4 protein chains.
Amino acid sequence: MGNTFGTLYRLTTFGESHGPAVGGVVDGLPAGVEIDQAFIQHELDRRRPGQSALTTGRREADRVELLSGVFEGRSTGCPIGFLVRNADQHSSDYANVRDTFRPSHADYTYTLKYGLRDHRGGGRSSARETISRVVGGALARLALRPLGVEIRAYTSQVGPLALGGSYLDYDLDRREDNPVRCPDAAMAARMADLIAQAKADGDTLGGRITCVISGCPAGLGEPVADKFHARLAAAMLSINAAKGFEYGDICQHLDRRGSEVNDLFTSRDGRIRTLTNHSGGIQGGITNGEDIYFTVAFKPVATLLREQPTVDTAGRPTVLAMRGRHDPCVLPRAVPIVEAMAAMTVLDMLLLARGGKLF
Amino acid sequence: MGNTFGTLYRLTTFGESHGPAVGGVVDGLPAGVEIDQAFIQHELDRRRPGQSALTTGRREADRVELLSGVFEGRSTGCPIGFLVRNADQHSSDYANVRDTFRPSHADYTYTLKYGLRDHRGGGRSSARETISRVVGGALARLALRPLGVEIRAYTSQVGPLALGGSYLDYDLDRREDNPVRCPDAAMAARMADLIAQAKADGDTLGGRITCVISGCPAGLGEPVADKFHARLAAAMLSINAAKGFEYGDICQHLDRRGSEVNDLFTSRDGRIRTLTNHSGGIQGGITNGEDIYFTVAFKPVATLLREQPTVDTAGRPTVLAMRGRHDPCVLPRAVPIVEAMAAMTVLDMLLLARGGKLF
Amino acid sequence: MGNTFGTLYRLTTFGESHGPAVGGVVDGLPAGVEIDQAFIQHELDRRRPGQSALTTGRREADRVELLSGVFEGRSTGCPIGFLVRNADQHSSDYANVRDTFRPSHADYTYTLKYGLRDHRGGGRSSARETISRVVGGALARLALRPLGVEIRAYTSQVGPLALGGSYLDYDLDRREDNPVRCPDAAMAARMADLIAQAKADGDTLGGRITCVISGCPAGLGEPVADKFHARLAAAMLSINAAKGFEYGDICQHLDRRGSEVNDLFTSRDGRIRTLTNHSGGIQGGITNGEDIYFTVAFKPVATLLREQPTVDTAGRPTVLAMRGRHDPCVLPRAVPIVEAMAAMTVLDMLLLARGGKLF
Amino acid sequence: MGNTFGTLYRLTTFGESHGPAVGGVVDGLPAGVEIDQAFIQHELDRRRPGQSALTTGRREADRVELLSGVFEGRSTGCPIGFLVRNADQHSSDYANVRDTFRPSHADYTYTLKYGLRDHRGGGRSSARETISRVVGGALARLALRPLGVEIRAYTSQVGPLALGGSYLDYDLDRREDNPVRCPDAAMAARMADLIAQAKADGDTLGGRITCVISGCPAGLGEPVADKFHARLAAAMLSINAAKGFEYGDICQHLDRRGSEVNDLFTSRDGRIRTLTNHSGGIQGGITNGEDIYFTVAFKPVATLLREQPTVDTAGRPTVLAMRGRHDPCVLPRAVPIVEAMAAMTVLDMLLLARGGKLF
């Protein structure tokens, strides 16, 4: 249970890090969407391991095969099955975690819950599962593209290094200019240095990703249980290593009073708008047409390339030293994943909003 | 759509602030649970308006009537319908918002989405809806009680005043000793002063609530979409005025490296435990038996008892001055709501975990 | 679990036969629907006990109170909570079934499943629960009314007496002219006699209800799991005492070959139509714009006013003689229930179809 | 939307008749189930085309590849992705239906609903999709096997030839002895002749399949919406060409009175049992431990190898003559599909029942 995202736009994922393949089924993609396979592959490439010195060295082409639901270049309204074959598994790197629990990993809890686990590469709990999310997100973006919805995430903090100001202070189209995916080149360079240094120490770093959705239709969100931001939070916190979620900027300003953070209404170009956007584009759980923006916090990667004390599956003390190829910081590769989860959430809520109306 | 919480333990709520009643249906409460009506009422009393000078003066007894699903003092496994009659509506206080949008409220987005809205007291978007959640949470707690699960939330920040340290530094059983629901008496007094001052100014404050779930069984959570903390986040962010969610304490320490925040395993009393609990009792989306703790950020109440510029429903500029009885700060009354949402989440995930096993 | 019907138009019901009330919550009724309370009450009156000599003598006004979701006569898009108070319970009539299992009733299976049961009047398994469905169905019909959808069910068989031919041979608007709800007056009289005779013998009868949905939009149904007729079947078989479901007329003609029952296409009035309608308005699980028709079979009422051998809760043989007021045949009162379930299914599938499209 | 079966045991399917593959994802299979791949393949072989002269001549090995969720021969509790490559498509056989609607097929309604369709081999509406259901059903059976649940379906009617009596009159283990899958050899021979004759005429036949579930635990079913038989009916009617569903034998005896078909309770071997089983093992929507049996009616195959008048996609009259390889009667190959849907329903309801209990 628990491997399906969404209500009307639904992604069900499968696959383990060292099994034959990862993949999934997208159900609910409306018919007639142009399926731009190059775009889907481009998104996978943004997530792919080995794309820079900052990431794991695992070599995977991550070529996706669409198995159904597309006819003559367009979606048919029927489910899209897809898969990506795993190629470069080094399962022997994990022989020592077969009977040992890696600290702050899911090894122990999976064993508790299921009674057994595929220990190779973290099995199901590996971030390799997010390949399927990137495919699901890319398909959602293809549906949203004609509506003018744009989704742009970027690394806004790595360890102690945090971008100041708001997303409006940066040119988000620059975020892909560097391997950190930070739109400020100078800060990106400092972040890259910090990551390289942690890597050299066999250590890891966490940080934050900020995401901006612009052009999102107003009226999305289903109070009271399925408020837009509640769904967004659940989507983001389902990503590996995510620990926190905030939307708008009020959490940064909890020292302020209501009179300082209320968003006053005005009319502009014949539409009702807000003068400020502390609310982050969502009021009462429903989008209001302003930019939606939010931040996701990620913990440092749990896999350290240094010795750590731990216990084996029988509870006996032992020492674990991981080998192999690991990201010292997930942030750069998590950027397209955050975007994918956001895209799926927007499309799902859009379809739910349509499904709430007779005309 | 969107008024049901949960998968196997499900609460569906209904009701508006100034309609005849608020209420709901709980479906999935296991049979045989002792229904302690005094406990349910006690929880409602903790949420009730007018309980202190810090809250709205609306006078409501908030007596709940259980309409089904209980036989000779025990749950039957059949749905429990319930309602609380509204008594002390002052709808005339809202005459001026019939055709005007209150800033940072849901008036505008509800009108956008639904085409019409019940403007009286905020209608469906009023926090009065949370009565139903407190009932649903109280029933969940009655089911969890024999399992030893304890859920305790408290106000940890009001405006700029934040409790330092961790939840372990406080005696949480003291949180009900003051109207702020802060376990530190001195801080509670300062918070109360700050709230009183904001109220005198016709202004409002936000803050944070911290919640601790102890005694929660290990093995709850359904990766990858329904990780325990993803469900918890969605539950918390569905509460009125909630803006952010974090679990564990790693978000407070993003400047640290993995080697500083990994939770090492050890054996204690024949069980595998963690030496520290930065993870907040959840690893890989599954509870590990340690304390679960998390923080929810709330914005300042949007209703100000002072003039604010805004627009009317036709988009024309106007000035709005709210009358009536409003909370200057939701935190104290939101504490039992956070606990209720946590209780429902734990019970739902517990039942899902059981439903994932053959034996 | 299991007390919610529908995906986007959702009815959650609660209530027992002898508890304080039955009721429910409708979630997903689109905003702006005119709420004609007289129509809702009219539908309840069609289902009401005591309406003729053929039905139970329990006297209930069955007045529904809408508690939310309606503002100035129109639906707001927010959930509609409602209830009907129970008034005329004779719980003492059931004292003897507290510790005894009535044959072919749910007493034994509820006890098995839940460990306890409210034995009074059958508790949750009583057909009194269908009051909530009639309310949910009436609200759905109010939404469907402007679309020209018409739903008409009638009694087509009582015991051995079955109407011949097809629904096209009868004027369905005459079905309310007699207490049996059979559109053929002569057959209705024979059926009424048969029911009266069974009643006099303390015995009961089953039969069939046929239902016709005309004016249903084409394109409804979500293959492959949620085909229109699969949803319809589930809705119908959830009604108390229902044992079978068929749609179209092919089940009556299983001796025929494909060439005899295929529905050939033609063009009529600029639209593609079928020359015959053996398929019952559904092809491949999707409505095609032709009349949808189907039949539901009901078993004889299980409660007999005569002695039957059975066992008590300890498994000891005993003899049970039921007292009280019972329907000798559910068909006449089940007609509005079949219509209600059909209406909810149509509206739900209509909203799902809208939620499957971007434009 | 609409391609997922089940609540806790969930199968999501994808794939078209002439696309690269069909497949799916099973989510919710409990951990630790022994994955007997030979058994899964055996079930697929029972469904495979070309297995006898009575079926389509399409040649497919239908080898399933499991892509995840299995580790060292046992299920891990994580989703099982799987696929079966299509090999023997003759898409040119369908060139003439690209712009023409086959009578009583889904061509017209898919085009109406989705705006476009994959016309090759019926695309998504092809019964080739049921491969995925057979895999899902086989996995469910592997989970149910240690519980002693047995599921056996058989062809009980072909055109006018119907088996008399009840399932108890036949040795169901003989049902695989002949290509019709009828447990009565003499009747099987007559049925085979009838099918051969229809085939020779380019015509087709319908019929009925009866299914018996024995050893099913008592207490399964979630009234009032998710009664066991309501779920079963929805599962069965989702199968291609299914038109009707009945459970127990009361539908065959609607001329009888309640006193003739009530199932009286008795005690046998220390358990409460029923003396008869007209109810078909389900009372009040909950299984009672007796055999569950039901019948599914199937229409004659819509594809005729003879000329039929129809219209093209512009509504113009035309004549269609299908070529290619088609089943003259679906019954024999539908037997394993009925069993698969039954197995998935039992397992899903079993897990739901467990998820409804605290202990």
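None of these values were measured; they are calculated from a predicted model. (Residues numbered from 1 in each chain as written. Chains lettered and ligands numbered in written order. Predicted model: local features only at pLDDT ≥ 70, side-chain atom pairs only at ≥ 80, totals over all residues. Heavy atoms only, no water.)

## Observations regarding the overall build of chain A
Within chain A, the secondary structure is distributed over seven helices and 18 strands. Relative to the 2.2 N^0.38 estimate, which gives 21 Å for 359 residues, the radius of gyration of chain A is 21 Å and therefore close to what a compact globule would have. Reported as C-alpha extents along the three principal axes, the dimensions of chain A are approximately 65 × 50 × 35 Å. Expressed as a percentage of contacts within chain A between residues at least 6 apart in sequence, the contacts between residues at least 24 apart total 70%. Here chain A displays about 10,800 Å² of accessible surface, and carbon together with sulfur accounts for 48% of that area. Within chain A, the 41 negative side-chain charges are centred at a point lying 3 Å from the centre of the 42 positive side-chain charges. (Helix = DSSP H or I, 4+ residues; strand = E, 2+ residues; numbered from the N terminus. Rg over C-alpha atoms; globule rule 2.2 N^0.38 Å. Contact = heavy atoms within 4.5 Å. Areas by Shrake-Rupley, 256 points an atom, 1.4 Å probe, with all protein chains shown as cover. Lys, Arg positive; Asp, Glu negative; His and termini not counted. Charge placed at Lys NZ, Arg CZ, Asp CG, Glu CD.)

## Some words on the pairing of strand S17 (residues 307–311) of chain A
Residues and elements named next belong to chain A. Two elements, S17 and strand S18 (residues 317–321), share five bridges in a ladder whose sense is antiparallel. The residue of S18 that forms the bridge with Pro309 is Val319. Connecting S17 to the next strand, S18, in antiparallel fashion are five residues, including Gly315 with a positive phi near 90 degrees. (Pairing = 2+ DSSP bridges.)

## Side note on the side chain of Lys227(C)
Among the structural elements, Lys227(C) can be located in the loop between strand S10 (207–214) and helix H5 (228–237). Glu129(D) provides the closest opposite charge to the buried, salt-bridge-free Lys227(C), at an N-O distance of 6.3 Å. Excluding residues that lie within four positions of it along the chain, Lys227(C) makes contacts with Glu222(C), Gly284(C), Gly285(C), Leu237(D), Ser238(D), Ile239(D) and Asn240(D). (Buried < 20%, exposed > 50% of the residue type's maximum accessible area, 1.4 Å probe, protein only. Salt bridge = Lys/Arg side-chain N within 4 Å of Asp/Glu carboxyl O.)

## Thoughts on the packing of aromatic side chains
All names here are of chain B. Under the criterion given, the structure shown has 28 aromatic pairs over all chains. Ring centres of Tyr110 and Tyr114 lie 5.4 Å apart, and the angle between their planes is 55 degrees; this geometry places the pair in the tilted category. With Tyr110 and Tyr114 both in helix H2 (residues 107–114) and four residues apart, the pair spans about one turn of that helix. Classification of Tyr114 by relative accessible area gives buried; the value is 13%. (Phe/Tyr/Trp six-rings, centres within 6.5 Å; stacked < 30°, edge-to-face > 60°.)

## Comments concerning the interface of chain A and chain B
Taken together, the contact pairs 95 residues of chain A with 95 residues of chain B. Buried surface at the junction of chain A and chain B, both sides included, amounts to about 7,400 Å², of which 58% is carbon and sulfur. Counting the contacts that link chain A with chain B gives six salt bridges. With a closest N to O distance of 2.8 Å, Asp201(B) and Arg257(A) form a salt bridge. Taken together, chain A and chain B are joined by 43 residue pairs in polar contact (both at pLDDT 80 or more). Across the side of chain A that touches chain B, the residue classes tally to 42 nonpolar, 32 polar and 21 charged. In this sheet, strand S11 (residues 242–247) of chain B lies alongside strand S11 (residues 242–247) of chain A in antiparallel orientation, the contact comprising three bridges. From the neighbouring strand, Glu246(A) faces S11(B), where its bridge partner is Gly244(B). (Buried area = accessible area lost by both parts, 1.4 Å probe. Polar contact = N/O pair within 3.5 Å; in protein donor to acceptor, adjacent residues only side chain to side chain. Nonpolar A, V, L, I, M, F, W, Y, C, P; charged D, E, K, R; others polar.)

## Details of the relation of the copies chain C and chain D
Once turned by 180 degrees and shifted 0.0 Å along the axis, chain C lies on chain D with an RMSD of 0.0 Å. Such values leave the two copies arranged in the relation of a two-fold axis. (Least-squares fit on C-alpha atoms with pLDDT ≥ 70 in both.)

## Structural notes on the relation of the copies chain A and chain B
Think of it as a corkscrew move, a rotation about one axis and a shift along it, taking one chain copy to the other. The two copies are related by a screw operation: chain A maps onto chain B through 180 degrees of rotation and 0.0 Å of translation along the axis, at an RMSD of 0.0 Å. Both copies contact each other with a shared surface, as 100% of the interface residues of chain A are interface residues in chain B too.

## Considerations on the interface of chain C and chain D
Contacts between chain C and chain D engage 95 residues on the former and 95 residues on the latter. Taken together, the two surfaces of chain C and chain D that pack against each other cover about 7,400 Å², and 58% of this comes from carbon and sulfur. In this assembly, chain C and chain D are joined by six salt bridges. Taken together, the connections running from chain C to chain D amount to 44 residue pairs in polar contact (both at pLDDT 80 or more). When the residues that make up the side of chain C that touches chain D are grouped by side-chain class, the tally is 42 nonpolar, 32 polar and 21 charged.

## Structural notes on the environment of Gly202(A)
Residue and element names in this part refer to chain A. Looking at where Gly202 falls in the secondary structure, it is placed in the loop between helix H4 (185–200) and strand S10 (207–214). With a relative accessible area of 6%, Gly202 lands in the buried category. Along the sequence, Gly202 and Leu304 sit 102 residues apart, while their C-alpha atoms lie 5.7 Å from each other. When residues no more than four places from it in sequence are discounted, the contact partners of Gly202 are Leu304, Leu305 and Arg306.

## Description of the sheet that holds strand S4 (residues 64–66) of chain D
All names here are of chain D. Spatial ordering of the open sheet is given by S1-S2-S3-S7-S4, a layout of five strands whose pairing is antiparallel. Edge strands, defined here as strands with exactly one partner in the open sheet, are strand S1 (4–5) and S4. Summarising the sheet, S1 and strand S2 (residues 10–15) pair through two bridges and their orientation is antiparallel. Its bridge partner lying in S2, Thr4 is registered against Thr12.

## A few points about the packing of helix H5 (residues 228–237) of chain D against helix H7 (residues 331–354) of chain D
All names here are of chain D. At a closest axis distance of 9 Å, the pairing of H5 and H7 adopts a crossing angle of 145 degrees. For the crossing formed where H5 meets H7, the hand is right-handed. Along its contact with H5, which presents Phe228, Arg231, Leu232, Ala235 and Met236, the element H7 presents Val338, Met341, Ala342, Thr345, Val346, Asp348, Met349 and Leu352. Its residues assigned to classes, the contact of H5 with H7 shows ten nonpolar, one polar and two charged. (Axes fitted to C-alpha atoms, helices over the stretch in contact; angles between N-to-C directions. Left-handed = near helix turned anticlockwise from the far one by under 90°.)

## Digging into the sheet that holds strand S3 (residues 21–27) of chain B
All names here are of chain B. The five strands lie next to each other as S1-S2-S3-S7-S4, forming an open sheet whose pairing is antiparallel. Each edge of the open sheet is held by one strand with a lone partner, namely strand S1 (4–5) and strand S4 (64–66). Across six bridges, strand S2 (residues 10–15) lies against S3 in antiparallel orientation. Opposite Leu11, over in S3, you have Val26 as the bridge partner.

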